Each structure stands twice: as C-alpha cells, then as structure tokens.
Amino acid sequence: MGCGHKDDKASLASSQIASFSHQPHQPPAAPVSKEVWKKGGRMFSILLAVHLALLACTLVSSGAFDKIAVHDYDVFFLLTVMMLIVIIWIVFYLLGTSRRPDAILCKDSHAGPIWLRGGLILFAIFSLVMDVFKIGYYSSFYSCLSAIKIIYPTVQAIFVVVQTYFLWISAKDCVHVHLNVTRCGLMLTLTTNLAVWMSAVTDESVHKAHSKLKKNETEEIFKWLLKAGMRSSSPNECDCNSQICQVFKNGYFWLYPFNIEYSLFASAMVYVMWKNVGRFIDHRSHHIHRLKFRLFRRTFFVGIVLGLIILVSGLGVLILYEVQVNSITDPSKKSQALSMYYIFNIVCLGLMSLVCIGGSVVYRFDKRDMDRHKNPTKTLDVALLMGAALGQYAISYYSIVAIVASTPRDTISALNLTYALLMIAQHTFQNIFIIEGLHRQPPKEDHKHGSHQKDLYGLTFVNINAVSLRVPDSGSTLVPGTASGAEAIHPSDLVQSLTAPRKMNWRRRFLREVSMFLLLSNVILWIMPAFGARPQFDNNTELNFYGDSMWPAIVDICLPFGIFYRMHAVASLLEVYVMS
C-alpha cells in the first residue's frame, strides 16, 4: 500500500510536469502601473491649461478692440512669459526627466509619424523666417515702440527651435517618472501653442482690416478688429516708409499661415504625449508595423497626375484672384475672377467627392480587419478631422442662408450656392474615407505567404499539373526543403500562391491613387484660403438676412479652422496612402 501510494504521487507529479511542459510559452504581461492618482493628475493639468487658455484668450481678444485699454504689447508680454516657462521645462525634461533610469519604459509607435514631424520642421523653418522679418520690421522704428515687440519674436524663435527639437526626439515617449510635473509641463506647452495661434490669427485679421480700410472700402466688420495705436502720440513717427521696412512687413504677414499651422501641429503632437504619460503598451496587442513609404511603386500615376493638374491649375487661379480681386477695383474684372475661382472649386470639390465615394465603396470589399486597439493618435486624428470640419460647415450653411435671402440673385450667388453645397458633401465623404483608412490593419500579404512564398516563387515555370501529381494520400503536399512537421499546403493553395503576385491587389492600387489625388487636392485647397482667396459676394449683392458685415465676419472667424482641416487631412491621407 505504501509503495503504491508513493507510485501514485510520483505519477501525479510527473503528469503535472508533463501538462505544464505542453503549455505554450506565455509572454510577460505588461508591468502594472505604480501610479495611484492618474485621474487626479490629469485633472489638475487640465484645470491649469483651462485657466491659462482663458486668460490668454481674454487678453488676445481684448487687444483687438479699439476702445479697450489692453494693448498688443500686453499680449506679447504674457506670451513671452509663457514661452520662457515652457523652454525651461523642456530643458528640464531633456536633461533631467528623460535621462532618469526607468523613465521611458516603452514608446508609442503610432505617435509622431515621420511625415508629421517632417511637416512640423517645414512649418518651423517658415516660422523662424517670419520671426526674422518681425524683428527687422520692428527694429525699423525702435524709438517709438515698446521693447517687448522686439523681445517677443526673439523669444518665439528660440521657443520654436527648442520645441521642434523636443518633439522630434520625444514625440513617442511614454514617461513613467515625474508624472504630474510632466503632465503640467505638456499642458502648459499645449496652451502656449494655442495662445500663439490665437494671437497669430488675430494679427492676420487686423492686418487685413488695415489693408481694406486703406482702400476706402466700406466694410464695417473690420472696424471692431482695429488695435489700439502705438505708444507714441504722433502716428506719423512710426510710419513704415522705407522700402526694406515694407518688405519686412509684407513678408512676415505672408508667412503667418505657416506659423498658424506650426502651432496647431505642435499642439496635436503635445496632446498625444500628454495622453501617453504613465501609459504601458502591451506589445502582444500593440503591433508595430514598419511601413515603408514608396511613392512611385505599385501605382498607375493616375492620382498623382490628376492631383498635379489640380494643383497647378489652382495656383494659376490663385494668382488671378490676387491680382483681379484683391488688387484691382474694376467690378467687371472682379466678377470674372470670382467666377473663375468658384468654377475651379466646384470642379475640384466635385471630383474629390466622387473619388471619396469610390474609395469608400472599395473599402466595403476590403478583407483587412479593423484596428480596434486603443490608440490615442488615431483617436485624436478623428477628433481633429471632425472638429475642424465644423468651421467649413458653418461657413457653408451661413452662405446658403445668405444666398437665399440675398438680392439680386446673380451668377456669382448661384456659383457660391453650388460651392457651399459641394463643400459640405466633400468634407463628409472625405472624412468617411479617411476614417475608414486610418482604422484598417496594414496589408498582411507579406506575412500571409511567409516562408512558403519564398520557395514557391521558384516554381513559377513548373507545370501545375505535374506538381499536383505528387500529392500524397493525405491530400496535401509539402514544399521541398520544409520540415516534416511543417504546415501542409493544399494544391489549390499552391496555385493561389503562384498566381497571387500577378494579381497585385487592385483594391490597394486604387486606394493609393485615391489617397494621392486627395492629398494634392487638399494641398491647393489649403494654399488658396491661406493666401487670401476666399468666398465672396459681388459688390452689387445685398445680404438682406445678415447685413453686409456679419457674413464676412463669420468667414473670417471660421476660415482658420477650415485651413487647419486641409493640412490635417493632408497628413492623414499620407498615412492612409502608406497603410494601403
């Protein structure tokens, strides 16, 4: 009995060991976060950002009014202080936080893609040129200006350089030390970028107000945007009379759109970093796809050619618009330029809408799985696309109501109505197409064939019937050179593997053509309003419903969101192109 009992225990132990040995190797689970105040830390940083944003918004908007004793140099002083604090925190992060042991345990492969960081550097270069022009412009009459007007662009140039370097090397970081300090620093950086963006938009609107008032145009909308005058009591002392001063002045106002886009791009990247603070990434579900960007491979060049035609045509229309609408006061030439502007946009938006519908239909037949993993970057992309589109939706719907109530109803009004309707449709269809593309898994045909495909490519000229004659009784065949325990291949699978490379997935090619065409089209639709080409009514049209000043005000307020939508759509479409 004793021996039998020992044998039973031994057999039980051996069976347990055997059962454990047959279990597959489990990858190590993600470490458990040691943070116990995550929601509280996030809430504190959000409250800090909200209060700073409200303060900055109050000062920036108050500095634009003529009858409020808040001057533009008060706004510049606040922004300068905020940028200096951000610079100090970034230096602390780079030299202190990021170098601590166990500071960055993992990185978010989806955050800060190369095309987004490349666009950030491009806009940063133009922002630096703008700051140089600002310094040169304000230095031309330093004697009658506050010193803060020269200090502000200098600090802004340093801020752009430091922040761009910080985002280039740290955009993917998931920080696990100094959590609350890092969250507050990132939120301060986000608020500073938004405040600089608001200031740039206001300055650009004020510049347009001065330009239109100099032409003696009776548009009352621009009067409420006029800033308080300069510090000197005599306005003639600060006139910009020299030619080099005029070059600096016109130059930095033309570069404002790039600075506006830089601030918004940086804000989006900083927000993703804030979401990744204290985050552990489970590598079992967070797949890292190393996608290669091949622009001229596996395409028919149709999308690129059509997109380039749209881009070049749009640049020509933009030049004519600037010359005949913003520079010449002849009503007939202005009507012709407006008609050309609307016709070009109607054709472009119509083609883009049809292409987006075609791409969305192709996605319905796409066999790739949806990417349902938690991803702050894609969540932010979708939120920005939907939120920024609201600006253009507002312009379109206000335009529709204004056109219906306007008199007389001429050709320009009819073209404007068609343009507004197509703008709504194009934004809707394009958002659907981009969101579908962003949430698709990358193509798996390179992984699907795997080791079999390398051996099967050598059988291209082998008779398929001869291969099928060597099928054993089990109904499967083994590729030569594979182990006996390897996965068996059915003859039908062999035929499909041999013929798959010849059929190079037409859906992927079509989606790439669509993405490239939409990308180039969005580029020109960003350039045109950013450099002054925007919807207008004819001078003889009377806007009975809104009055002659309210509709232009709505356009000026909402247009920056439409411009940002186009640039964000370009970045998203580039990602869709690579993922196709």
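Residues numbered from 1 in each chain as written. Predicted model: local features only at pLDDT ≥ 70, side-chain atom pairs only at ≥ 80, totals over all residues. Heavy atoms only, no water.

Identification of the chain as OTOP2 protein from Pterocles burchelli is taken from an unreviewed UniProt entry. In its Sequence similarities (unreviewed entry) section, the UniProt entry covering the chain states "Belongs to the otopetrin family." The chain has a UniProt comment under Subcellular location (unreviewed entry) that states "Cell membrane". (UniProt positions renumbered as here; feature names shortened; annotations may be inferred.)

Account for the overall build of the chain, with residues named and values stated.
Helices and strands together make up the secondary structure of the chain, namely 17 helices and 4 strands. Taken across its 580 residues, the chain has 49% of its residues classed as buried. Within the chain, counting contacts between residues at least 6 apart in sequence, those at least 24 apart form 89% of the total. As presented, the chain carries roughly 29,300 Å² of accessible surface, and 65% of it is formed by carbon and sulfur atoms. (Helix = DSSP H or I, 4+ residues; strand = E, 2+ residues; numbered from the N terminus. Buried < 20%, exposed > 50% of the residue type's maximum accessible area, 1.4 Å probe, protein only. Contact = heavy atoms within 4.5 Å. Areas by Shrake-Rupley, 256 points an atom, 1.4 Å probe, with all protein chains shown as cover.)

Go over the nonpolar core with me, naming the residues and quoting the values.
One finds Phe166 and Phe433 to be the most contacted residues of the largest nonpolar core, which totals 131 residues. Of all the elements, helix H17 (residues 550-579) adds the most residues to this core, at 15 residues. Formed jointly, this core draws a minimum of three residues from each of two domains, domain 1 (38-223 + 240-282) and domain 2 (295-442 + 505-579). The residues contacting Phe166, other than those within four sequence positions of it, are Trp89, Ile90, Tyr93, Leu94, Ala171, Leu186 and Met273. (Core = buried A, V, L, I, M, F, W, Y, C linked by side-chain atoms within 4.5 Å. Domains from an automatic or database assignment.)

Explain the packing of aromatic side chains to me, and be specific about the residues and the numbers.
Applying the stated criterion across every chain yields a total of 25 aromatic pairs. Relative to Tyr152, the ring of Phe76 lies with its centre 4.6 Å away and its plane at 15 degrees, an arrangement referred to as stacked. Of the two residues, Phe76 sits in helix H3 (residues 72-95) while Tyr152 sits in helix H5 (residues 148-170), which places them 76 residues apart along the sequence. The exposure class assigned to Phe76 is buried, which follows from its relative accessible area of 3%. Ring centres of Tyr137 and Tyr138 lie 5.1 Å apart, and the angle between their planes is 50 degrees; this geometry places the pair in the tilted category. Judged on exposure class, the residue Tyr137 and its partner Tyr138 are both buried. Ring pairing ties together the aromatic residues Phe123, Phe126, Trp254, Phe258, Phe265, Trp526 and Phe531, which thus form one cluster. Cation over ring: Arg117 sits above Trp168, and NZ or CZ is 4.6 Å from the ring centre. (Phe/Tyr/Trp six-rings, centres within 6.5 Å; stacked < 30°, edge-to-face > 60°. Lys NZ or Arg CZ within 6 Å of the ring centre and 35° of its normal.)

Any chance you could break down the packing of helix H9 (residues 302-324) against helix H16 (residues 506-530) for me, citing the residues and the numbers?
Interhelical geometry of H9 versus H16 gives an angle of 10 degrees and a closest axis separation of 7 Å. Taken together, the axes of H9 and H16 are roughly parallel relative to one another. Side by side, H9 and H16 meet where Val302, Gly303, Ile304, Leu306, Gly307, Leu308, Ile310, Leu311, Gly314, Leu315, Val317 and Leu318 of the first sit next to Glu513, Met516, Phe517, Leu520, Ser521, Val523, Ile524, Ile527 and Met528 of the second. Tallied by class, residues from the contact of H9 with H16 come to 16 nonpolar, 4 polar and 1 charged. (Axes fitted to C-alpha atoms, helices over the stretch in contact; angles between N-to-C directions. Parallel < 35°, antiparallel > 145°, perpendicular 65-115°, else oblique. Nonpolar A, V, L, I, M, F, W, Y, C, P; charged D, E, K, R; others polar.)

Explain the pattern of salt bridges to me, and be specific about the residues and the numbers.
By the definition in use, this model includes 2 salt bridges. The residue Asp173 makes a salt bridge to Lys107 at a minimum N-O spacing of 2.5 Å. Within this pair, whereas Asp173 is found in strand E2 (residues 173-175), its partner Lys107 is found in strand E1 (residues 104-107), the two being separated by 66 residues in sequence. A salt bridge links Arg364 to Glu436, with the nearest nitrogen and oxygen atoms 2.3 Å apart. Of this pair, Arg364 sits in helix H10 (residues 331-364) while Glu436 sits in helix H12 (residues 411-438), placing them 72 residues apart in sequence. Accessibility expressed as a relative area gives 55% for Arg364, which makes it exposed. (Salt bridge = Lys/Arg side-chain N within 4 Å of Asp/Glu carboxyl O.)

Run through a nonpolar patch on the surface, naming residues and quoting values.
Together, Ile114, Ile121, Ile125, Val129, Tyr165, Trp168 and Ile169 line one region of the surface with nonpolar side chains, adding up to about 610 Å² of accessible area. The set of elements that each furnish at least two residues to the nonpolar patch consists of helix H4 (114-139) and H5. A per-element tally of the nonpolar patch places H4 first, with 4 residues. (Patch = residues over 30% accessible without salt bridge, like charges linked within 9 Å, V, L, I, M, F, W, Y side chains within 5 Å.)

Pulling in residues and values, what's your account of the packing of H4 against H5?
A pair of packed helices can be characterised by two numbers: the angle between their axes and the separation between those axes. Here H4 crosses H5 at 165 degrees, and the two axes come no closer than 9 Å. The angle between the axes of H4 and H5 places the two elements in the roughly antiparallel class. In the crossing of H4 with H5, the sense of the turn from one axis to the other is left-handed. Across the contact of H4 with H5, the residue classes break down as 16 nonpolar, 6 polar and 4 charged. (Left-handed = near helix turned anticlockwise from the far one by under 90°.)

Pulling in residues and values, what's your account of unusual backbone geometry?
Unlike most non-glycine residues, Asp102 shows phi in positive territory, near 60 degrees. Note that Asp102 resides in the loop between H3 and E1.

Could you give me a rundown of the side chain of Thr182, with the residues and numbers involved?
When you line up the elements, Thr182 lands in helix H6 (residues 179-214). Among the residues examined, Thr182 registers a relative accessible area of 1% and is labelled buried. If sequence neighbours within four positions are ignored, Thr182 has contacts with Trp89, Tyr93, Thr97, Val175, Val177 and Val277.

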